[in-house]
Amino acid sequence: EKRTLDVFAGTGAFGLEALSRGAKNICLIDKDTETLSKNTALFEKEKDNIQILRADINNLPYAQNAFDIVFSDAPYDKGLNEKAFLSLQKKGFLKNGTLCIIETRNNENLLLPENFQLTDERIYGMAKISFYTFSDNFVTK
């Protein structure tokens with residue numbers, strides 16, 4: 001029953017898997033949505049719970065609603081995850097408690113603001129999965 005966002009969605013695999021496991025609805029963002037459209041067409045019964053947003057992460061519209069879970073698998077070593085999460089924060093896609101799951105290369109360092117709290121990190125071969133919780137009321141001491 002969570003609202004789930006898949007950034008740099010590619011094929012939409014993460015978002016569609018979340019939908020098949022009970023996500024309330026999903027939003028898939030990518031600059032190229034051709035593959036997303038083909039894959040989401042296979043989910044005819046769930047079509048009202050799927051939104052595809054063709055957009056560059058640096059030029060997002062404002063969100064109508066914030067998301068509970070955000071997954072990002074940006075191209076490795078380009079600093080795109082940092083840009084994405086700053087943009088998502090600025091445009092209202094995140095709320096207090098949003099779980100942010102970010103895939104990077106296993107030796108890539110993420111430089112997110114302090115209101116993104118790292119809660120877990122796991123390495124699988126060349127990939128690192130980092131789990132952050134976003135806090136919209138973070139106060140710097």
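Structure first, text after, so check above.
Residues numbered from 1 in each chain as written. Predicted model: local features only at pLDDT ≥ 70, side-chain atom pairs only at ≥ 80, totals over all residues. Heavy atoms only, no water.

> How should the layout of surface pockets be read in this particular structure?
Picture a little ball the size of a water molecule; that probe, rolled over the atoms, points out where space is still empty. What the largest pocket holds in volume is close to 260 Å³. Forming the walls of the largest pocket are 16 residues, and the residues nearest its centre are Arg3, Cys27, Gln51, Gln64 and Phe67. Elements represented by at least two residues in the lining of the largest pocket include exactly strand E2 (25–30) and strand E3 (50–54). When its residues are assigned to classes, the lining of the largest pocket shows nine nonpolar, five polar and two charged. In this structure, the second largest pocket occupies an estimated 200 Å³ of space. (1 Å grid on protein atoms, 1.4 Å probe; cavity = no way out; pocket = protein on both sides within 12 Å on 5 of 7 lines; lining within 4 Å. Points joined across faces, edges and corners; volume = space filled by probe spheres on them. Helix = DSSP H or I, 4+ residues; strand = E, 2+ residues; numbered from the N terminus. Nonpolar A, V, L, I, M, F, W, Y, C, P; charged D, E, K, R; others polar.)

> So what exactly am I meant to see when it comes to the pairing of E2 here?
Regular strands place their side chains on alternate faces of the sheet. Taken across its six residues, E2 has six buried, putting it largely inside the fold. Both faces of E2 are covered, namely the face carrying Asn25, Cys27 and Ile29 and the face carrying Ile26, Leu28 and Asp30. When strand E1 (residues 3–7) meets E2, the two strands line up parallel, connected through five bridges. Each residue of the ladder has a partner; that of Arg3, found in E2, is Asn25. In this fold, the crossover linking E1 to E2 by way of helix H1 (residues 13–20) has right-handed handedness. Handedness of the E2-helix H2 (residues 34–40)-E3 crossover: right-handed. (Buried < 20%, exposed > 50% of the residue type's maximum accessible area, 1.4 Å probe, protein only. Pairing = 2+ DSSP bridges. Right-handed = clockwise from strand over helix to strand, strands pointing away.)

> Please clarify how the environment of Asn106 should be interpreted in this entry.
If you trace the backbone, Asn106 turns up in the loop between strand E5 (94–105) and strand E6 (116–124). For Asn106, a relative accessible area of 30% puts it in the partly exposed group. In the structure, Asn106 is positioned 19 residues away from Gly125 in sequence and 7.4 Å away in space, judged by C-alpha atoms. Leave out the neighbours within four places in its chain, and Asn106 touches Ile123, Gly125, Met126, Ala127 and Lys128. At 2.9 Å, the side chain of Asn106 and the backbone oxygen of Gly125 are in polar contact. (Contact = heavy atoms within 4.5 Å. Polar contact = N/O pair within 3.5 Å; in protein donor to acceptor, adjacent residues only side chain to side chain.)

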